[in-house]
Amino acid sequence: MLREDDPDVAILLAQGWTTVAESWGARLAVGQDVAGLEQVADAVASCGWRTVQLDAGDARRIVDLDAACAEDYPWTPASPHEVPDVDELAARLESGWWAFGAVRVDDRRQLDCVSVLGPRDDRVETEFTVTRASVRGRGLATAVKARSILVLRQRGYRDFGTGGTAANEASLRANLRLGYVLEPRWLSLRAPQGPGAP
Ligand SMILES: CC(C)(COP(=O)(O)OP(=O)(O)OC[C@H]1O[C@@H](n2cnc3c(N)ncnc32)[C@H](O)[C@@H]1OP(=O)(O)O)[C@@H](O)C(=O)NCCC(=O)NCCS
């Protein structure tokens with residue numbers, strides 16, 4: 001796996017290696033003007049959802065939602081996803097991780113989208129984001145991620161990171177909408193196969 005700007009990429013491709021998957025990472029430095037993020041976070045209210053912060057007591061339903069969607073994560077060697085263990089997730093949410101979700105206004109127990117984030121040395125990184133299949137494409141992931149940035153910004157965090165596979169257009173578009181800036185891609189390269197291969 002190499003970054004696209006690594007000089008070895010051109011050499012390997014010339015030798016017949018092929019790109020089998022591409023992953024992206026992106027960074028966001030939140031400034032003073034957060035009106036756009038507030039608008040995105042509130043946009044789902046008119047459709048019947050509210051964005052909220054979750055806690056360790058929500059670990060079971062976060063995991064249930066993620067497990068129901070596990071097959072929908074596009075797989076690449078650079079960004080595999082494993083459904084978290086409930087107890088492990090609860091422990092992490094009690095010791096530094098955060099989770100935000102979208103719940104129905106008329107039924108707070110109905111969790112339809114969740115984004116889980118964890119601290120790094122220099123930023124807050126998205127661990128995973130998932131929306132219930134039946135309600136995708138309605139702005140929930142974008143709204144929940146916007147809420148997470150707004151709340152964490154109020155607590156002093158300014159730098160955020162996220163990433164995923166190039167095959168996941170919805171995830172990429174949600175993050176670009178929030179102002180994330182793409183970093184060089186990561187390429188998963190496979191050696192030439194068959195007779196005559198080096
Ligand atoms: C990725 C995922 C979380 C997006 O959730 P969502 O609630 O449907 O996202 P949104 O409705 O906020 O849409 C985000 C953007 O993607 C676009 N989009 C939604 N579904 C799309 C699709 N199937 N193909 C392409 N673009 C799509 C939306 O139009 C929007 O872009 P825009 O603002 O430029 O119009 C959801 O598809 C999912 O749960 N996938 C499985 C788990 C996963 O892959 N998670 C991400 C890796 S951590």
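Look a little higher up for the structure.
Here is a short report on the structure shown in this document. As the structure is a computational prediction, the values presented were derived from the model and not from experiment.

Here we take up the site of the ligand. Taken together, 21 residues form the shell around the ligand, and within it T129, G137, G139, T142 and N168 come nearest. At a separation of 2.5 Å, an oxygen atom of the ligand approaches a polar side-chain atom of T142. Between the ligand and R177 there is a distance of 3.3 Å, counted from an oxygen atom to a side-chain nitrogen or oxygen. Relative to its free-state accessible area of 930 Å², the ligand is covered by the protein chains to the extent of 74%. For the shell around the ligand, the secondary-structure elements that each account for two or more residues are β6 (124–131), α5 (140–154) and α6 (169–177). Sorting elements by how many residues they give to the shell around the ligand places α6 first, with six residues. Grouping the amino acids of the shell around the ligand by side-chain chemistry returns eight nonpolar, seven polar and six charged.

As a packed pair, helix α3 (residues 59–68) and helix α4 (residues 86–94) sit with axes 9 Å apart at the nearest point and diverge in direction by 125 degrees. As the angle between them shows, α3 and α4 are arranged oblique. Crossing handedness for the pair α3 and α4: right-handed. Within the contact between the two elements, α3 uses A59, R60, I62 and V63 and α4 uses V86, L89, A90 and L93. Looking at the contact of α3 with α4 residue by residue, the class counts come to seven nonpolar, no polar and one charged.

In the structure shown here, the tally under the stated rule is 15 salt bridges. Across the salt bridge formed by R61 and D58, the nearest N and O atoms sit 3.0 Å from each other. Here the two residues R61 and D58 agree in accessibility, since each one is buried. The salt bridge involving D122 is made with R123; its shortest N-O contact spans 2.9 Å. With a relative accessible area of 19%, R123 lands in the buried category. Linked by salt bridges that have partners in common, R27, D122, R123 and E125 make up one network.

Turning to the environment of R60, a few remarks are in order. Topologically, R60 is positioned in helix α3. Taking the relative accessible area as the measure of exposure, R60 reaches 48% and is therefore partly exposed. Remark: the alpha-carbon pair of R60 and D87, spanning 27 residues in sequence, is separated by 8.4 Å.

Grouped together as the largest cluster of nonpolar side chains are 29 residues, with contacts concentrated most on L37, I149 and F160. Secondary-structure elements contributing two or more residues to this core are β2 (18–29), α2 (35–42), β4 (98–104), β5 (107–119) and α5. A per-element tally of this core places α5 first, with eight residues. If sequence neighbours within four positions are ignored, I149 has contacts with L28, V30, L37, F160, L178 and Y180. Membership of the second largest hydrophobic core comes to 21 residues, among which are V63, V86, A90 and F128.

As a further point, take the environment of G194. Looking at where G194 falls in the secondary structure, it is placed in the segment after β9 (186–190). Of the residues examined, G194 reaches a relative accessible area of 47% and is grouped as partly exposed. C-alpha separation for the pair G194 and A59, spaced 135 residues apart in sequence, amounts to 47 Å.

Cut-offs and rules
- Residues numbered from 1 in each chain as written.
- Predicted model: local features only at pLDDT ≥ 70, side-chain atom pairs only at ≥ 80, totals over all residues.
- Heavy atoms only, no water.
- Near = heavy atom within 4 Å.
- Polar contact = N/O pair within 3.5 Å; in protein donor to acceptor, adjacent residues only side chain to side chain.
- Areas by Shrake-Rupley, 256 points an atom, 1.4 Å probe, with all protein chains shown as cover.
- Helix = DSSP H or I, 4+ residues; strand = E, 2+ residues; numbered from the N terminus.
- Nonpolar A, V, L, I, M, F, W, Y, C, P; charged D, E, K, R; others polar.
- Axes fitted to C-alpha atoms, helices over the stretch in contact; angles between N-to-C directions.
- Parallel < 35°, antiparallel > 145°, perpendicular 65-115°, else oblique.
- Left-handed = near helix turned anticlockwise from the far one by under 90°.
- Contact = heavy atoms within 4.5 Å.
- Salt bridge = Lys/Arg side-chain N within 4 Å of Asp/Glu carboxyl O.
- Buried < 20%, exposed > 50% of the residue type's maximum accessible area, 1.4 Å probe, protein only.
- Core = buried A, V, L, I, M, F, W, Y, C linked by side-chain atoms within 4.5 Å.

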